[in-house]
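The residues making up each chain are set out below.
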Amino acid sequence: AAASPNAMYLESLYTQWKSNPASLDTTWTAYFEAVEAGKPPAAPPVSGGALRKAAMDSTLVRASAQGLTGVGHVPGGVTGGGLQNLIRAYQMRGHEAADLDPLGLHEWRAIFNKEGVPELDPRYHGFTDADMEKTFDVEFPGMAKSMTLREIVSTLQRTYANKVGVEYFHIQDLKKVEWIRARVEDPAFVPSSKERLVEIYRSLCQVDTFESFLGTKYKTTKRFGCDGGEAAVVGIDAAIAKAVGLGVTDVIIGMPHRGRLNMLTNVVGKSMVQMFAEFKGTHYSFDELMDVMDSQDWAFAGDVKYHLGTSNPREFPGGKVANMTLEANPSHLETVNTVTLGRTRAKQFYAGNTEEQKKAIMPVLFHGDASFAGQGVCYETMQLAQVQEFGTGGTFHVIINNQIGFTTDPIDDRSTMYCSDLGKAFGLPIFHCNGDDPASVVAAFELAAEWRQAWGQDVIIDVICYRRYGHNESLNPDYTQPQLYKQIGTHPRAQGIFAQRLVEAGVASQAELDSIRAGIWAKHEEAFVASDSYQGTAMEWVATKWEGFAKPTDEASSTPTAVDLELLKQIGIKLSEAPSGFNLHSGLKRQFKKKREDLDAGEAIDWAAAEGLAWGTLLLEGNHVRITGQDVQSGTFAHRHCVFTDQKNGEKYCALDNLNLGKQERFIARNSILAEYAVLGFELGYSYENPHALLIWEAQFGDFANTAQVMIDQFISAGEHKWLQQSGIVMLLPHGYEGQGAEHSSCRIERFLQLCDDDEDDIPSFEKDFGRNQIQKSNWQVVNVTTPANVFH
């Protein structure tokens, strides 16, 4: 039997051979006859890339015979025909010649692909100029049955080398390749009706007017607008609407600062009145805030507008409502990625943890071109996609490709032709779009939404656009990119380009479009005036609110942590036994025997036993417990073993998830990928959703937590102070003194102590509450547990 994916390719060729042996080279007949006869066959006639290409051709031939569209098959031609190869070249490499850069520069091609794509030239396949007017029979969507070669090439260019470049032939699954091909080769792929084009124009005007309006009212204020990339906001709005129509009920968005304010108002649904009040500084009373700080000795610091998140139910056409969440994030690019995915996974878990819920709750991540190509956490994020207990049913990735990273040109920020090339490693479809063509952008975004719902897999949209101003509106980009910004300075806005196109095509009159734009501007003016009297509250922009929990200024109550001794013994017995017929390791049998003896004697309870007993009681009290990290099932010191492995068949058994002592919550212990940064962020996001769950991330050794230092500094220690974002995340940082060197003997506890926000001038009283008020006012607790009893309580 051939190994996958070769087996899949051979199966495709075998199916074609069975239906028509003459359609393949005679060498395949000899091969398949040997297989059917049960003889050991020689190696397949071709292998590697040639085998994949032959299988792809086979799929096209069968699809054509079945009357499927999108196949690009030339009747009478077998694999290797000149016209068939020309069609295949456009399907595979047409994106390399597509009109993707609004500025017409395509600098990445000059840097990374200087030779161009000769396969797209008919002469490469043996045709001459005299052949251009010859007629060929071809089956391809949008083509007549019989067309000249010139007409065929024109159709191919319109399909694959236009304003959308599609990369998908690197995908191993032929069914997925065919799924994409059938849709992008459909002549109706890009919207063309008046109703739809005017709708897209209206959406573009909403996005463009927001930026222009703020630019007019606040000329010197940083807002990190999406000027130059407006179509990306139009696209994601259309994609979410499409996804909601396909069953999505929740959308969780993680994104950097660029375009964030626009997304908040035009996609998430935040009130423009509230947004303008924040710009004016009238959204809350500064005097009242100062009174609170003086009287209660505690207050949040706040953050810049383009870091804040929110949560909001939004109604879509047709009356469907989706809950929109935008995560608060720091300036550290891409750090919010796995936080977003962790919250998404938690929402899916608490909603029922079914495949249907995975489809219904969708994460969206926005990236910059330089950060997506350069930040390693992007790879870590995508590596989580198919891992058990970390997958979210597909993430929607959007790259706002400004073709610059702050002041760094593409030649200096990556070694690949596209900033999105990371996606190829994971077999993801990648849609490159020209940011000045919102109709094509919408087509790509909506197809990406369909892909996510159909296949439960990540998808990447690369919106190639430009940054109209500097890194922010107050920076002059002429210092570093004078020629580029001279061209950008004369380049019309996407709204004006699209309006001109609609008028010239007879889709709408200039008066119609002017009326739409004037109406949207008037609504912005109305909201701006209304913002003068707007009075909000500090909590209205918090993405998650833990209702009913004591504030730092309230007096909290304590809860006894003691548990009935008989219940502890019952739990202990369950933790040290396996189901009948389960083949435990002999070493575990001895350990479990000793644990039961210690439990009966009520002494020498070890660390792992105390931990397991605590988790068991929490589960029986209705609290979800989840622990993840690189080796959490066995534990760093082979001490935990909360998941058993059958020594004969490799099956797993988790006693804590099967206590059978009454109703209990779910226990999850899952070994993670070897990436502290991404996994800690994921668990942090997971912790946001439920204050009653125990969420633990365990470093393999506490020393390795510094690989996740950005997450610790920007989110965990400071998140509540900046954003009022509460979390109950527990970082478990084990280490020891066992002669393993400096990297295995310290969790750098001094760093965590330094990040505590205790007021050194405020000496807490221990008379009444034993310092509980001090704990409430602190951003976190640093605990050095020294005995199993410490661990339990």
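About the cut-offs
Residues numbered from 1 in each chain as written. Predicted model: local features only at pLDDT ≥ 70, side-chain atom pairs only at ≥ 80, totals over all residues. Heavy atoms only, no water. Helix = DSSP H or I, 4+ residues; strand = E, 2+ residues; numbered from the N terminus. Expected span 1.5 Å × (residues − 1). Buried < 20%, exposed > 50% of the residue type's maximum accessible area, 1.4 Å probe, protein only. Axes fitted to C-alpha atoms, helices over the stretch in contact; angles between N-to-C directions. Left-handed = near helix turned anticlockwise from the far one by under 90°. Contact = heavy atoms within 4.5 Å. Nonpolar A, V, L, I, M, F, W, Y, C, P; charged D, E, K, R; others polar. Pairing = 2+ DSSP bridges. Core = buried A, V, L, I, M, F, W, Y, C linked by side-chain atoms within 4.5 Å. Salt bridge = Lys/Arg side-chain N within 4 Å of Asp/Glu carboxyl O. Patch = residues over 30% accessible without salt bridge, like charges linked within 9 Å, V, L, I, M, F, W, Y side chains within 5 Å. Areas by Shrake-Rupley, 256 points an atom, 1.4 Å probe, with all protein chains shown as cover. Phe/Tyr/Trp six-rings, centres within 6.5 Å; stacked < 30°, edge-to-face > 60°. Disulfide = S-S within 2.5 Å. Polar contact = N/O pair within 3.5 Å; in protein donor to acceptor, adjacent residues only side chain to side chain. Right-handed = clockwise from strand over helix to strand, strands pointing away.

Turning our eyes to something else, we now look at helix H25 (residues 676-687). For H25, spanning twelve residues, the distance from its first C-alpha to its last is 16 Å, which sits close to the expected 16 Å at 1.5 Å a residue. Most of H25 is tucked away: twelve of the twelve residues are buried. All of the buried residues in H25 are Glu-676, Tyr-677, Ala-678, Val-679, Leu-680, Gly-681, Phe-682, Glu-683, Leu-684, Gly-685, Tyr-686 and Ser-687.

It is worth spelling out unusual backbone geometry at this point. Positive phi is not limited to glycine here, since Asn-353 has a value of about 60 degrees. For Asn-353, the location among the structural elements is in the loop between helix H13 (336-350) and helix H14 (355-360). Look at Asn-353 and you get partly exposed, because its relative accessible area is 29%. Of note in the backbone geometry, Asn-660 takes a positive phi value of approximately 55 degrees without being a glycine. Tracing the chain through its elements places Asn-660 in the loop between strand S13 (652-653) and strand S14 (667-671).

Interaxial distance between helix H9 (residues 230-245) and helix H18 (residues 438-455) falls to 8 Å at its minimum, and their mutual angle equals 35 degrees. Seen along the crossing, H9 lies across H18 with a hand that is right-handed. For the pair H9 and H18, the contacting residues are Ala-231, Ala-232, Val-234, Gly-235, Ile-236, Ala-238, Ala-239, Lys-242 and Ala-243 in the first and Pro-438, Val-441, Val-442, Phe-445, Glu-446, Ala-449 and Glu-450 in the second. Along the lines of polarity and charge, the residues of the contact of H9 with H18 split into twelve nonpolar, one polar and three charged.

What follows deals with the sheet that holds strand S11 (residues 625-629). One open sheet accounts for four strands, arranged S14-S11-S15-S16; its pairing is parallel. Bordering the open sheet on either side are S14 and strand S16 (730-732), each of which pairs with just one other strand. Here the average twist between neighbouring strands, direction ignored, is 15 degrees. As paired elements, S11 and S14 share five bridges and run parallel to each other. Within the sheet, the bridge partner assigned to Val-625 lies in S14 and is Phe-667. Docked against the sheet, helix H24 (residues 607-620) engages S11, S14, strand S15 (694-698) and S16, running at close to 135 degrees with respect to S11.

The next subject is the environment of Pro-492. The topology assignment puts Pro-492 in the loop between helix H19 (482-490) and helix H20 (494-504). Along the primary structure Pro-492 and Gly-228 are separated by 264 residues, whereas in three dimensions their C-alpha atoms are 9.4 Å apart. Excluding residues within four positions of it along the chain, Pro-492 makes contact with Tyr-466, Arg-468 and Ile-497.

Counting 99 residues, the largest nonpolar core has Ile-236, Ile-240, Ile-253 and Phe-396 as the members making the most contacts within it. Setting aside anything within four residues of it in sequence, one finds Ile-240 in contact with Val-251, Ile-253, Val-267, Phe-316, Met-324 and Met-362. If you look at the next biggest cluster of nonpolar residues, it comprises 39 residues, including Ala-678, Phe-682, Tyr-686 and Ala-699.

Let us now look at the pattern of salt bridges. Scanning the entire structure with this criterion turns up 36 salt bridges. Between Lys-270 and Glu-278 there is a salt bridge, with its nearest N and O atoms 2.8 Å apart. A salt bridge links Arg-666 to Asp-657, with the nearest nitrogen and oxygen atoms 3.1 Å apart. Classification of Asp-657 by relative accessible area gives partly exposed; the value is 23%. Linked through salt bridges whose partners overlap, the residues forming this network are Asp-208, Asp-227, Glu-230, Arg-493 and Arg-517.

Turning to the sheet that holds strand S10 (residues 459-464), a few remarks are in order. Spatially, eight strands are ordered S3-S9-S10-S8-S7-S4-S6-S5 in an open sheet, and the strand pairing comes out mixed. Both outer strands of the open sheet, strand S3 (164-167) and strand S5 (310-315), are each paired with one neighbouring strand and no more. Adjacent strand axes in the sheet meet at a mean angle of 20 degrees, parallel and antiparallel pairs treated alike. Judged from the six bridges that link them, S5 and strand S6 (residues 321-326) form a sheet pairing that is antiparallel.

Take a nonpolar patch on the surface next. Nonpolar side chains collect at one region of the surface, where Ile-749, Leu-753 and Val-782 lie side by side and expose about 220 Å² of accessible area between them. Within the element layout of this structure, Val-782 appears in the loop between helix H29 (772-777) and helix H30 (788-792). Of the residues examined, Val-782 reaches a relative accessible area of 30% and is grouped as partly exposed.

Bringing the pairing of strand S8 (residues 396-401) into the picture now. Remark: a regular strand shows side chains that alternate across the two faces of the sheet. Counting buried residues in S8 gives six out of six residues, a clear majority hidden from the surface. As judged from the six bridges shared by S8 and S10, these two strands associate in the parallel manner. Looking across to S10, one finds that Val-398 is bridged to Ile-461.

Before going further, it helps to examine the packing of aromatic side chains. For the coordinates displayed, the defined rule picks out 34 aromatic pairs. Plain terms: the ring middles of Tyr-160 and Tyr-168 are 6.5 Å apart, the flat faces sit at 15 degrees to each other, and that makes the pair stacked. Relative to Phe-528, the ring of Phe-276 lies with its centre 5.7 Å away and its plane at 70 degrees, an arrangement referred to as edge-to-face. You can see Phe-276 sitting in helix H11 (residues 272-280) and its partner Phe-528 sitting in helix H21 (residues 510-530), a full 252 residues away along the chain. With a relative accessible area of 0%, Phe-276 lands in the buried category.

Summed over all chains, the structure comprises zero disulfides. The thiol sulfur of Cys-642 is not disulfide-bonded, and the nearest other cysteine sulfur, from Cys-654, lies at 5.5 Å.

Examined against the element boundaries, Arg-493 turns out to sit in the loop between H19 and H20. There is a polar contact of 2.9 Å between the side chain of Arg-493 and the side chain of Asp-227. Contacts of Arg-493, omitting those with residues within four sequence positions, involve Asp-208, Glu-211, Ser-212, Asp-227, Glu-230, Tyr-466, Arg-468 and Tyr-469.

Here we come to the pairing of S10. Counting buried positions along S10 gives six out of six residues, so the element sits mostly inside the fold. The alternating pattern of S10 places Val-459, Ile-461 and Val-463 and Ile-460, Asp-462 and Ile-464 on opposite faces, both of which are buried. Here five bridges tie strand S9 (residues 430-434) to S10, and the two strands are oriented parallel to one another. If you follow Asn-434 over to S10, its bridge partner there is Ile-464. Between S9 and its parallel partner S10, the chain crosses via H18, and the hand of that crossover is right-handed.

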